[in-house]
Structures are given as structure tokens and as C-alpha cells.
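As a plain string of letters, each chain reads:
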Amino acid sequence: MVNVEALERVDALYGPFSAIDPGNSMGVTIVMTERKPKGFEASASLKYNRHRYRQYAVDDHYGSKQLSARLASRLDSGLWYAVSLQRQDSKSHPQNFVNAVRGVTNGAFASPGAGTRVDGIRYDLDPALRPRALFGASGYDHTVQDTLNLRLGYDISATQEIEGRVSFWRHDSNVSAATWLRDAAGRPVWSGRVHDGAYSFTLNGNALAPSQREDLHRQMGLT
């Protein structure tokens, strides 16, 4: 709910409990302080990054960008305001690889039998040195976040001030997957019983399924 351009400082308070925050502030409490304008202020920033990811059958580039802007001013009357906007658009590399482990996954590494003949299965060893088969990548997350903050304050006296705020934060996340399996006609195979002539496996229908998430947070405060 806080824009990058509005930050004045970030403090990390280490537990077990913080003396200045509620009793549930156990462990580490991160306190973000937003700055108040001393006069007219305008700022903006644009960030972009891009990285290459190579693992198994995945070899691609993934990037993210963030645009943030802030406009604020303090008037002679003691009234001040701050408006800030931010958009972040990012694409991640896969977070998981759909796999089956010999002796752990039911029905894995069985003798070839009924099912679809496929190409594209990768083999390696898991951390316990057990034979493992990999069928695809999952957890490609394309996330878009929008933040809007409006703050309004008034200096009643040298020691008294009133401040109000309205904030919105929207988050859209689309998670996808990619199968490496292809049948004899070159079509992708996403689920069911498959074999490559050496071993047979059963792919769960949810293993490579996509998902979508939408969040909207609204916040109002008066101090």
C-alpha cells in the first residue's frame, strides 16, 4: 500500500516484541515511514530489469518494470497533500518443475504399457539421489500491481496535526505452465497416462493447470 516515491525511511525492529508496536509484533517488524512535503515536490522513477533463465528445457528471458510518480505540496495555510501512483508489471521464470520420483510417486517408472507415447521427458536425480523424471515447468507468474495513495494533512499548531489518507492496491496474477511432452503428431500432452518406450507415468490433471488471482485492497485512515 506504499509507493516507492513516498518513502522517507524503512526501519527494521527486531523482537521478540517491539516496545512501540502492538504485542503481536513478534520476530521482525518493518516500519515504513512516508515523508511529508516541506514545499512543492514532484518526482518520478522508471525501473526495468531483465534476466535469462536456463534449466532443463527452459531457456528464455524474463523481465519486469516499475513506474512510480509522486506530487506533493505544503501550503502557507498549513494544509498539505501528497498524491502518488505506482504500477509494477513483472514476469517470473518457472517456480517449479512437474516431476515423478522412483519409489515415491505412485505408478512412476513402471514398464511401458497403455497410454500415449511421448517425447520430451527429462531424467535426472533428486537431492536424495533417486531417479527422477521431469515433464514440464509450472509457476510462470505474470503479475500486475497498481497502487494509488492520497494523503491530506493540516497543521493545527506547532505540536498538533491532523492527517487523513485513502489508498488502493490492485493485484492481478496469472500463473501458467508449459509441458515438454509431445505425442507422435507433435501435439502437447498435458495429462493422463504417458510413456516414452522406457518407462510409464501418470500425469495429474492439476499438475500443469493454470491459475488466476485478483486482489483489491482499500484502506482509509485518520490520525
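Here's what I pulled together on the structure shown here.

## Focus: the overall build of the protein
Thinking step 1. Along the backbone of the protein there are zero helices and 13 strands.
Thinking step 2. In sequence order, the secondary structure elements of the protein are arranged as β-β-β-β-β-β-β-β-β-β-β-β-β.
Thinking step 3. What you see for the protein is a C-alpha radius of gyration of 26 Å, clearly larger than the 17 Å of a compact globule of 223 residues, by over 25%.
Thinking step 4. Projecting the C-alpha coordinates of the protein onto the three principal axes gives extents of approximately 85 × 40 × 25 Å.
Thinking step 5. Taken over 223 residues, the protein has a buried fraction of 33%.
Thinking step 6. Counting contacts in the protein only where the partners sit at least 6 residues apart, residues at least 24 apart contribute 67% of the total.
Thinking step 7. If you sum the accessible surface of the protein, you get close to 13600 Å²; carbon and sulfur atoms cover 54% of it.
Thinking step 8. For the protein, the separation between the mean place of its 26 positive charges and that of its 23 negative charges on side chains is 6 Å.

## Focus on the pattern of salt bridges
Thinking step 1. Counted under the stated rule, the structure contains 18 salt bridges.
Thinking step 2. Across the pair glutamate 163 and arginine 151 runs a salt bridge whose closest N-O atoms are separated by 2.9 Å. With a gap of 12 residues between them, glutamate 163 in strand 10 (residues 161–179) and arginine 151 in strand 9 (residues 131–155) connect regions that are remote in the sequence.
Thinking step 3. Connected through shared salt-bridge partners, Lys36, Arg151, Glu161 and Glu163 make up one network.

## Observations regarding unusual backbone geometry
Excluding glycine, a negative phi dihedral is what most residues carry, and trans is how most peptide bonds are arranged.
Thinking step 1. Phi at tyrosine 56 takes a positive value of approximately 55°, unusual for a residue other than glycine.
Thinking step 2. The topology assignment puts tyrosine 56 in the loop between strand 3 (41–55) and strand 4 (58–74).
Thinking step 3. Even without being a glycine, leucine 129 presents a positive backbone phi close to 65°.
Thinking step 4. Along the chain, the position of leucine 129 falls in the loop between strand 8 (122–125) and strand 9.

## A word on the nonpolar core
Thinking step 1. The biggest cluster of nonpolar side chains holds 15 residues, and the ones touching the most others in it are Val118, Ile121, Ala133, Phe135, Leu181, Val194 and Phe201.
Thinking step 2. Broken down by secondary-structure element, the contributors of at least two residues to this core are strand 6 (96–101), strand 9 and strand 12 (200–203).
Thinking step 3. Core analysis: the second largest hydrophobic core is formed by eight residues, Tyr53, Val58, Leu134 and Tyr140 among them.

## Focus: the sheet that holds strand 7 (residues 116–117)
Thinking step 1. Sheet architecture is open: three strands sit in the order 7-11-12, paired in mixed fashion. The sheet is open, and its two edges are formed by strand 7 and strand 12, each paired on a single side.

## Describing the side chain of glutamine 86
Thinking step 1. With respect to the element layout, glutamine 86 can be found in strand 5 (residues 79–91).
Thinking step 2. Of note is the side chain of glutamine 86, whose polar atom sits 2.9 Å from the backbone nitrogen of valine 4.
Thinking step 3. If we ignore the near neighbours within four places in the chain, the residues touching glutamine 86 are Asn3, Val4, Gln66, Leu67, Ser68, Gln145, Asp146 and Thr147.

## Details of the environment of glutamine 55
Thinking step 1. With respect to the helices and strands, the residue glutamine 55 is situated in strand 3.
Thinking step 2. The exposure class of glutamine 55 is partly exposed, given its relative accessible area of 34%.
Thinking step 3. Taking C-alpha positions, glutamine 55 is 14 Å from glycine 139, a pair spaced 84 residues apart along the chain.

## Some details on the pairing of strand 8
Looking down a regular strand, the side chains alternate between one sheet face and the other.
Thinking step 1. Where strand 8 meets strand 9, four bridges bridge the pair, whose relative direction is antiparallel. Paired with aspartate 124 across the two strands is arginine 132, which belongs to strand 9.
Thinking step 2. Linking strand 8 to strand 9, which pair antiparallel, is a turn of five residues; within it leucine 129 sits at a positive phi near 65°.

## A few points about the packing of aromatic side chains
Thinking step 1. In this structure the tally under the stated criterion is 10 aromatic pairs.
Thinking step 2. Seen in terms of ring centroids, tyrosine 123 and phenylalanine 201 are 6.5 Å apart; in terms of plane orientation they differ by 45°. Their pairing is tilted. Placement of tyrosine 123 in strand 8 and of phenylalanine 201 in strand 12 is noted, with a sequence separation of 78 residues between them.
Thinking step 3. The partly exposed category is assigned to tyrosine 123, whose relative accessible area is 37%.
Thinking step 4. Taken together, the ring pairs connect Phe109, Tyr123, Phe135, Tyr199 and Phe201 into an aromatic cluster.
Thinking step 5. Arginine 122 extends its terminal NZ or CZ atom over the ring of tryptophan 180, reaching a point 5.5 Å from the ring centre.

What counts and what doesn't
- Residues numbered from 1 in each chain as written.
- Predicted model: local features only at pLDDT ≥ 70, side-chain atom pairs only at ≥ 80, totals over all residues.
- Heavy atoms only, no water.
- Helix = DSSP H or I, 4+ residues; strand = E, 2+ residues; numbered from the N terminus.
- Rg over C-alpha atoms; globule rule 2.2 N^0.38 Å.
- Buried < 20%, exposed > 50% of the residue type's maximum accessible area, 1.4 Å probe, protein only.
- Contact = heavy atoms within 4.5 Å.
- Areas by Shrake-Rupley, 256 points an atom, 1.4 Å probe, with all protein chains shown as cover.
- Lys, Arg positive; Asp, Glu negative; His and termini not counted.
- Charge placed at Lys NZ, Arg CZ, Asp CG, Glu CD.
- Salt bridge = Lys/Arg side-chain N within 4 Å of Asp/Glu carboxyl O.
- Core = buried A, V, L, I, M, F, W, Y, C linked by side-chain atoms within 4.5 Å.
- Pairing = 2+ DSSP bridges.
- Polar contact = N/O pair within 3.5 Å; in protein donor to acceptor, adjacent residues only side chain to side chain.
- Phe/Tyr/Trp six-rings, centres within 6.5 Å; stacked < 30°, edge-to-face > 60°.
- Lys NZ or Arg CZ within 6 Å of the ring centre and 35° of its normal.

Scope: geometric values only; no functional claims are made or implied.
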